[in-house]
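Now for the letters of each chain:
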Amino acid sequence: MTQKKPLVIVTRRLPDAIETRMMELFDCRLNLDDKPFSQKELIAAVKEADVLVPTVTDRVDAGVLAQAGPNLRLIASFGTGVDHIDLKTCRQRGITITNTPGVLTEDTADMTLSLILAVSRRLTEGVKLIRSGEWTGWSPTGMLGHRLYGKRLGIIGMGRIGQAVARRAKGFGLSIHYHNRRKVHPDIEDELEATYWESLDQMLSRMDVISVNCPHTPATFHLLSSRRLKLLSERAIIVNTSRGEVIDENALARLIKAGDIAGAGLDVFEKEPAVNPKLLNSDNVVLLPHMGSATIEGRYDMGEKVIINIKTFVDGHTPPDRVVEAMF
């Protein structure tokens, strides 16, 4: 007797090859117009789905999960972060969570270095000047930025992405420093010539560049608070390719406007897709639309992980990328 295919509801448009494979394997319902689900649509989905495949744009909170039907046993998130899902409620309701770790490491690290370079060397300001038609030619004092070689980089969160950022930055001649919940293995410290700071406050006050690479959890919400941001020197720049909620965005905007921080490169925002107007009006801030993981290769790899997690779960095994609360 053929096993009934699980009903899998996908909340956003995925690469064609991934959607095609899902249609072959599962009873799959796709989101062809790619509009983010409303809360009403999410509730309707969890009421009937066996498996939900959400993304970071879906707020799967306790209110949504309270309406979940008895068949919902797996939420296979398309993405690494799971701060958009109420893990505690899922555990209480016996719903397994999976994500797609590891496959976006190199892509996100590339984007982090891109932002560090863009802010330090004023790339977007240069593009803006060219496009304005007001550039009058080379000048000895025109568009002066800052050299990266010999500067200190402070990495907040020395996991896969933080280490990948460190490897790239080391090639640019940056001195590597980091703050993490615990020290990394001595072999990794030796390879990266990295200096560990148990005190985030002490590290912040000494760095030229800060890169945020930790996940958003209750413990890291506004980790870079107004008080901590004021510890940065006026020559420092800050780059965030993790989650917007880690930084007090209003405080950051105020400090940048006052000239107390040299600049920022942000790929994520506290209230996405809304962006603080003060940041939008700052020339020394590079703003990107959450595209750190946006490579064709990365999206395919994410989709493959989602499929493997669903298939493994449906076959009665523990999925390889199962998430537990203690991980975040």
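Residues numbered from 1 in each chain as written. Predicted model: local features only at pLDDT ≥ 70, side-chain atom pairs only at ≥ 80, totals over all residues. Heavy atoms only, no water.

Bringing the packing of aromatic side chains into the picture now. Tallied over the full model, the rule gives 1 aromatic pair. Ring centres of Tyr-178 and Tyr-196 lie 5.1 Å apart, and the angle between their planes is 45°; on these two criteria the pair is classed as tilted. Separated by 18 residues along the polypeptide, Tyr-178 in strand E7 (residues 175-179) and Tyr-196 in strand E8 (residues 195-196) bring together distant segments of the chain. (Phe/Tyr/Trp six-rings, centres within 6.5 Å; stacked < 30°, edge-to-face > 60°. Helix = DSSP H or I, 4+ residues; strand = E, 2+ residues; numbered from the N terminus.)

Let us now look at the environment of Leu-288. With respect to the helices and strands, Leu-288 occurs in the loop between strand E12 (285-287) and helix H13 (296-314). As a C-alpha pair, Leu-288 and Phe-269 span 19 residues in sequence and 9.5 Å in three-dimensional space. Every residue in contact with Leu-288, bar those within four places of it in the chain, is listed here: Met-111, Leu-115, Leu-266, Asp-267 and Phe-269. (Contact = heavy atoms within 4.5 Å.)

Moving on, we get to the pattern of salt bridges. Side-chain pairing between opposite charges can occur once the charged atoms of the two side chains come close. Tallying each qualifying case throughout the model produces 18 salt bridges. Glu-48 serves as the salt-bridge partner of Arg-29, at 2.7 Å between the closest nitrogen and oxygen. With Arg-29 in strand E2 (residues 27-29) and Glu-48 in helix H2 (residues 39-48), this residue pair connects regions lying 19 residues apart in the sequence. Taking relative accessible area as the criterion, Glu-48 reaches 38% and is therefore assigned partly exposed. Arg-168 is the salt-bridge partner of Asp-110, the closest N and O atoms lying 2.7 Å from each other. Taken as a pair, Asp-110 in helix H5 (residues 105-120) and Arg-168 in helix H7 (residues 160-171) lie far apart in primary sequence, 58 residues in all. A relative accessible area of 40% places Asp-110 in the partly exposed class. The exposure class assigned to Arg-168 is partly exposed, which follows from its relative accessible area of 22%. Sharing partners across several salt bridges, the network here consists of Arg-13, Asp-16 and Glu-19. (Salt bridge = Lys/Arg side-chain N within 4 Å of Asp/Glu carboxyl O. Buried < 20%, exposed > 50% of the residue type's maximum accessible area, 1.4 Å probe, protein only.)

Turning our attention to the sheet that holds strand E1 (residues 7-10). Spatial ordering of the open sheet is given by E2-E1-E3-E4-E5-E13, a layout of 6 strands whose pairing is mixed. Single-partner strands in this sheet number two, and they are E2 and strand E13 (322-323). For E1 and strand E3 (residues 51-53), the ladder comprises 3 bridges, and the chain directions are parallel. The partner of Val-8 across the bridge, within E3, is Val-51. Across the sheet, H13 lies against E1, E3, strand E4 (74-76) and strand E5 (96-98), angled at about 165° from E4, the strand it touches most. (Pairing = 2+ DSSP bridges. Axes fitted to C-alpha atoms, helices over the stretch in contact; angles between N-to-C directions.)

Right, let's talk about the sheet that holds E7 for a bit. Reading across from one edge, E8-E7-E6-E9-E10-E11-E12 is the order of the 7 strands in this open sheet, with parallel pairing throughout. The two strands at the open ends of the sheet, each matched to only one other strand, are E8 and E12. In this sheet, strand E9 (residues 209-212) lies alongside strand E6 (residues 152-156) in parallel orientation, the contact comprising 4 bridges. For Gly-154, the partnering residue across the bridge sits in E9 and is Ile-210.

Take the UniProt feature "domain: D-isomer specific 2-hydroxyacid dehydrogenase catalytic" (unreviewed entry) in the protein chain next. Here, UniProt's "domain: D-isomer specific 2-hydroxyacid dehydrogenase catalytic" (unreviewed entry) annotation points to residues 17-323. Here residues 17-323 runs as 38% helix and 13% strand, with 26 Å between its end C-alpha atoms. (UniProt positions renumbered as here; feature names shortened; annotations may be inferred.)

Before going further, it helps to spend a moment on a positive patch on the surface. Taken together, Lys-230, Arg-254, Lys-257 and Lys-278 make up a surface patch of like positive charges. Looking at the secondary structure, you find Lys-230 in the loop between helix H10 (226-229) and strand E10 (237-240). (Patch = residues over 30% accessible without salt bridge, like charges linked within 9 Å, V, L, I, M, F, W, Y side chains within 5 Å. Areas by Shrake-Rupley, 256 points an atom, 1.4 Å probe, with all protein chains shown as cover. Lys, Arg positive; Asp, Glu negative; His and termini not counted. Charge placed at Lys NZ, Arg CZ, Asp CG, Glu CD.)

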